[in-house]
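# A closer look at the structure
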Amino acid sequence: MHKGDWTVPQEWHLYRADEHAMWDRLFERQARLLPGRVAPAFLEGLDILRLSKPGIPDFAELNARLMDATGWQVVAVPGLVPDAVFFDHLANRRFVAGRFIRRPDQIDYLEEPDIFHDVFGHVPLLANPVFADYMAAYGRGGQRAVKLGAIERLARLYWYTVEFGLLRSGDSLQIYGAGIVSSFSESVFALDDPSPNRIGFDLKRLMQTRYRIDDFQQTYFVIDSFEDLLAQTIGTDFAPLYQELAGSTDLDVATILPGDTVFHLGTQAYARSRPTHSSGSSE
Ligand SMILES: [Fe+2]
């Protein structure tokens, strides 16, 4: 049974040795791959939160450090929660996380986010004060979007930043989205593969863009910095934007527009090679 806020106890003592071993296996693989690819703030977060300690993190211990860093907490939930519940948690600096861990046969593909995606992928950046503020602001934006019937537009912002965002670093790019950093194969694909587009962050354009939930992204949006991302969103009233976009045609996942800042024009070769490929969306 969950409470009204859908949270459940983590019950850390119930994890089995093979489940802790799965965490360690996933952790070590990403820890080897990520330096040089991931935003430095992510690695700093791992350190601040001491996530390299073996085994599945105990939320009680993790939360003491996270609370000190930015006032955030991680709470366990049994699975996906209703939008309003999710937004309420974020607005109050609580990140909802699954408490189960994937089985060995699911190591590279998972339909529902597990504790490795949710905690390893999302929580390190919650120790960064600017990103922490962005996530709370997103929660407040979500509460407003519920009233305005605009969740679908706003969800694209989460998808293309929090889950699949890239960050510019001088002449090169880095990954920071949780969906990328928690995935061995996408950590490589998102930066190195010639297939996907990599284009500059543009809020209005992004809110018109569909996304893929079933395969690697066909377009990634690149931000200049977390400070810039926060500045472009926190002070913006999205209501006029939602109104402007109401009834407008969505952009296909691979579209490039004349006004786009193109860091890399994707070949889309990978997407075309896939059986699920279509010119439409997979949202
Ligand atoms: Fe996620």
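Residues numbered from 1 in each chain as written. Predicted model: local features only at pLDDT ≥ 70, side-chain atom pairs only at ≥ 80, totals over all residues. Heavy atoms only, no water.

## A word on the packing of helix H1 (residues 17-33) against helix H5 (residues 115-126)
The cut-off we apply is this: The angle between two axes is taken between their N-to-C directions and runs from 0 to 180 degrees, where each axis is a line fitted to C-alpha atoms and a helix contributes only its stretch in contact. To qualify as a helix, a DSSP run of H or I must reach at least 4 residues; to qualify as a strand, a run of E must reach at least 2; elements of each kind are numbered from the N terminus. An angle below 35 degrees is treated as roughly parallel, one above 145 as roughly antiparallel, one from 65 to 115 as roughly perpendicular, and anything else as oblique. Each crossing gets its hand from how the near helix is turned against the far one by less than a right angle, where anticlockwise is left-handed and clockwise is right-handed. Note on definitions: a residue-residue contact is assigned when non-hydrogen atoms from the two residues lie within 4.5 Å. Note on residue categories: nonpolar means Ala, Val, Leu, Ile, Met, Phe, Trp, Tyr, Cys or Pro, charged means Asp, Glu, Lys or Arg, and polar means any other residue, Gly included.
Interaxial distance between H1 and H5 falls to 11 Å at its minimum, and their mutual angle equals 40°. Comparing the axis directions of H1 and H5 gives the class oblique. The crossing of H1 and H5 is right-handed. Taking contact as the criterion, the partners of Trp23, Leu26, Phe27 and Gln30 in H1 are, on H5, Ile115, Phe116, Val119 and Phe120. Looking at side-chain class alone, the contact of H1 with H5 contains seven nonpolar, one polar and no charged residues.

## Re the pairing of strand E6 (residues 219-223)
Defined as follows: For every residue, the accessible area obtained with a 1.4 Å probe (protein chains only) is divided by the maximum for its type, and the residue is called buried under 20%, exposed over 50%, and partly exposed between those limits. Any two strands with at least two DSSP-identified bridges between them are counted as paired.
Among the five residues in E6, five count as buried, and that is most of the element. Because side chains alternate across E6, one face comprises the buried residues Thr219, Phe221 and Ile223, and the other comprises Tyr220 and Val222, equally buried. Bridge count for strand E3 (residues 166-169) against E6 is two bridges, and the pairing is parallel. Pairing of Leu167 across the sheet is with Ile223, part of E6. Of the pairings in the sheet, the one linking strand E5 (residues 197-200) to E6 comprises four bridges and is parallel in character.

## A word on the confidence of the model for the chain
Test applied: Residue-level confidence of the predictor, termed pLDDT, takes values from 0 up to 100.
Confidence along the chain averages 94 in pLDDT terms, with 97% of residues attaining 70 or more. Confidence over residues 278-283 falls short of pLDDT 50; this stretch has 14 contacts with residues more than four positions distant or in other chains.

## A look at the packing of helix H6 (residues 129-148) against helix H11 (residues 226-234)
Closest axis-to-axis distance for the H6/H11 pair is 9 Å, and the angle between their directions is 25°. The orientation of H6 relative to H11 falls into the category roughly parallel. The hand of the H6/H11 crossing is left-handed. Across the interface between the two elements, Val130, Phe131, Asp133, Tyr134, Ala137 and Arg140 from H6 touch Phe226, Glu227, Leu229, Leu230, Thr233 and Ile234 from H11.

## Observations concerning the coordination of the iron ion
Put simply, the rule reads: Metal donors: N, O and S atoms at distances within 2.8 Å, or within 3.2 Å for Na, K and Ca, with water omitted from the atom set so that some sites may seem incomplete. Sites are called tetrahedral only when four donors show all angles between 85 and 135 degrees, square planar or octahedral only when four or six donors show opposite pairs over 155 degrees and all other angles between 65 and 115, and irregular in any remaining case.
The protein atoms that coordinate the iron ion are His117 (NE2), His122 (NE2), Glu163 (OE) and Glu163 (OE), at distances spanning 2.0 to 2.8 Å. Between the four donor atoms coordinating the iron ion, the angles at the centre fall across 51 to 135°, so the site counts as irregular. Each donor residue of the iron ion belongs to the same chain, with the gaps between them written as H-x4-H-x40-E. On the criterion of sequence distance, the pair formed by His122 in helix H5 and Glu163 in helix H7 (residues 151-163) is long-range, its members being 41 residues apart. Of the two residues, His122 and Glu163, both sit in the buried class.

## Details of H1
One turn of the α-helix equals 3.6 residues, which is why residues spaced by three or four share an orientation. So the rule is basically this: Working rule for helices: expected span equals 1.5 Å times residues minus one.
When the terminal C-alpha atoms of H1 are compared, their 25 Å separation across 17 residues agrees well with the 24 Å that a helix rising 1.5 Å per residue should span. What H1 keeps buried is the set Glu19, His20, Met22, Trp23, Leu26, Phe27, Arg29, Gln30 and Leu33. On the buried face of H1, the contacting elements are helix H2 (40-48), H5, helix H8 (178-181) and helix H9 (184-192).

## Considerations on the pattern of salt bridges
Selection criterion: Here, a salt bridge means any side-chain nitrogen of Lys or Arg that lies within 4 Å of a carboxyl oxygen of Asp or Glu.
Tallied over the entire structure, the rule returns 19 salt bridges. As a salt-bridge pair, Glu61 and Lys53 come within 2.8 Å of each other at their nearest N and O atoms. Judged by relative accessible area, Glu61 falls into the partly exposed class, the value being 34%. A salt bridge links Asp105 to Arg103; its shortest N-O distance comes to 3.0 Å. The class for Arg103 is partly exposed, based on a relative accessible area of 46%. Each of Glu152, Arg153, Arg156 and Asp250 takes part in one network of salt bridges that share partners.

## Re the sheet that holds strand E4 (residues 172-175)
Across the sheet, which stays open at both edges, the five strands sit in the order E4-E3-E6-E5-E7 with mixed pairing between neighbours. Pairing within the sheet leaves two strands with one partner each, and these edge strands are E4 and strand E7 (262-264). Sheet twist, expressed as the mean angle between neighbouring strand axes with direction ignored, is 35°. Pairing analysis gives two bridges linking E5 to E7, with the strands arranged antiparallel. Within the sheet, the bridge partner assigned to Ile199 lies in E7 and is Val262.

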